[in-house]
Amino acid sequence: MSIEKSGLPIGVFDSGVGGLTVLRALRELMPGENYLYLGDTARVPYGSKSADSIVRYAFQAGNALVSRSIKMLVIACNTATAVSLEKLAAEYAPLPVVGVIEPGAAAACAASGSGNIAVIATESTVNGKAYQNTICELHPEAKIIARPCPLFVGLAEEGWTDGELVEAIAARYLHPLFAEFGSNGPDTLVLGCTHFPVLREAIANVAGPGITIVDSAETTALKVKNTLSSLSLLNQAGGKGRTRFLATDSAERFAAVGGSFLGIDIDPTNVSVVDL
Ligand code: DGL
């Protein structure tokens, strides 16, 4: 593969700022890569929309990134992955396209000793059964119960990530979910939405010490690295890569809220507002 191509950015998209939790893991694992991140902040949340709308939005986001020249596409949104991964991969081939559900399911199976796995995600991801089916393929004996926690997306987009209110909402979602397992509760809780990791501490406080919380960020980053490596597409330029941002709504708001998801400040002048 040409050196010029390996220097192209990795395109990453989500319905909003949640996918920045995946971008954070990507940047930690591959600091020398360039990244182009798109948050469809004007249309978040995706999780309560119909599959047809989500597929349409995913294609619009994918087209915006592909038309700006990327070497790989990462769907950093469980909801979009669940309904559009195969379609996007077919449309953009041979461009490699990676989603977050298979890596998240793999992380869950690696973490769970008992096979009792609770999954929290958006309504659309839960209804599409993508996690249930993928975990079952990897661990046929697993008992999986998945439930939607849509308010977590709003809390995360609002930057409300801890405190009494967040824990009260977490308790309202998690206690009935854990009770559904009966006397043998889950040993693993999957954060099946890329918005949820910023609420991890509050969720962990409610879940208690016996439950391992996993998300798909690190395992997705590893999959991206392995894919790029197998295609000889890892950036050979040396030095620190550059990250640029696209948002479909206010650059200032994206930068203000996104910083805590990414773990570093985002300069609003580095965020371009685009219409999909
Ligand atoms: N961050 C997204 C996910 O991983 C979706 C949140 C939403 O837009 O509803 O599912």
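Given the structure is predicted, the values throughout are model-derived calculations rather than measurements. (Residues numbered from 1 in each chain as written. Predicted model: local features only at pLDDT ≥ 70, side-chain atom pairs only at ≥ 80, totals over all residues. Heavy atoms only, no water.)

(A) Geometry of the sheet that holds strand β6 (residues 143-148). Taken in spatial order, the four strands line up as β6-β5-β7-β8 in an open sheet, and their pairing is parallel. A single partner strand is all that each edge strand has here, and the edge strands are β6 and β8 (212-214). Strand-to-strand twist in this sheet, taken as the mean axis angle between neighbours without regard to direction, amounts to 20°. Here strand β7 (residues 188-191) runs beside β8; their pairing, made up of three bridges, is parallel. Its bridge partner lying in β8, Leu189 is registered against Ile213. Across the face of the sheet, helix α5 (residues 101-111) comes into contact with β5 (116-121), β7 and β8 while running at roughly 165° to β8. Of the strands in this sheet, β5, β6 and β7 touch helix α9 (residues 164-179), which is tilted by about 150° from β5. (Pairing = 2+ DSSP bridges. Helix = DSSP H or I, 4+ residues; strand = E, 2+ residues; numbered from the N terminus. Axes fitted to C-alpha atoms, helices over the stretch in contact; angles between N-to-C directions. Contact = heavy atoms within 4.5 Å.)

(B) View of the sheet that holds strand β9 (residues 243-247). Read across the open sheet, the six strands follow the order β4-β3-β1-β2-β9-β10; overall the sheet is parallel. Unpaired on one side and paired on the other, β4 (97-98) and β10 (271-273) mark the two borders of the sheet. With two bridges connecting them, strand β3 (residues 72-75) and β4 associate as parallel partners. Residue pairing for β4: Leu73 is matched across the bridge by Val97. Running over the sheet, helix α3 (residues 51-66) touches β1 (10-14), β2 (35-39), β3 and β9 and is turned about 155° from β1.

(C) Layout of the site of the ligand. As a structural note, the neighbourhood of the ligand is formed by 14 residues, with Ser15, Tyr46, Asn78, Thr79 and His195 the closest of them. With respect to the ligand, the side chain of Asp14 contributes an N or O atom lying 3.0 Å from a nitrogen atom. Thr79 is positioned with one of its side-chain polar atoms (N or O) 2.6 Å from an oxygen atom of the ligand. Out of a free accessible area of 300 Å², the ligand has 99% covered by protein chains. Counted by class, the shell around the ligand contains six nonpolar, seven polar and one charged residues. (Near = heavy atom within 4 Å. Polar contact = N/O pair within 3.5 Å; in protein donor to acceptor, adjacent residues only side chain to side chain. Areas by Shrake-Rupley, 256 points an atom, 1.4 Å probe, with all protein chains shown as cover. Nonpolar A, V, L, I, M, F, W, Y, C, P; charged D, E, K, R; others polar.)

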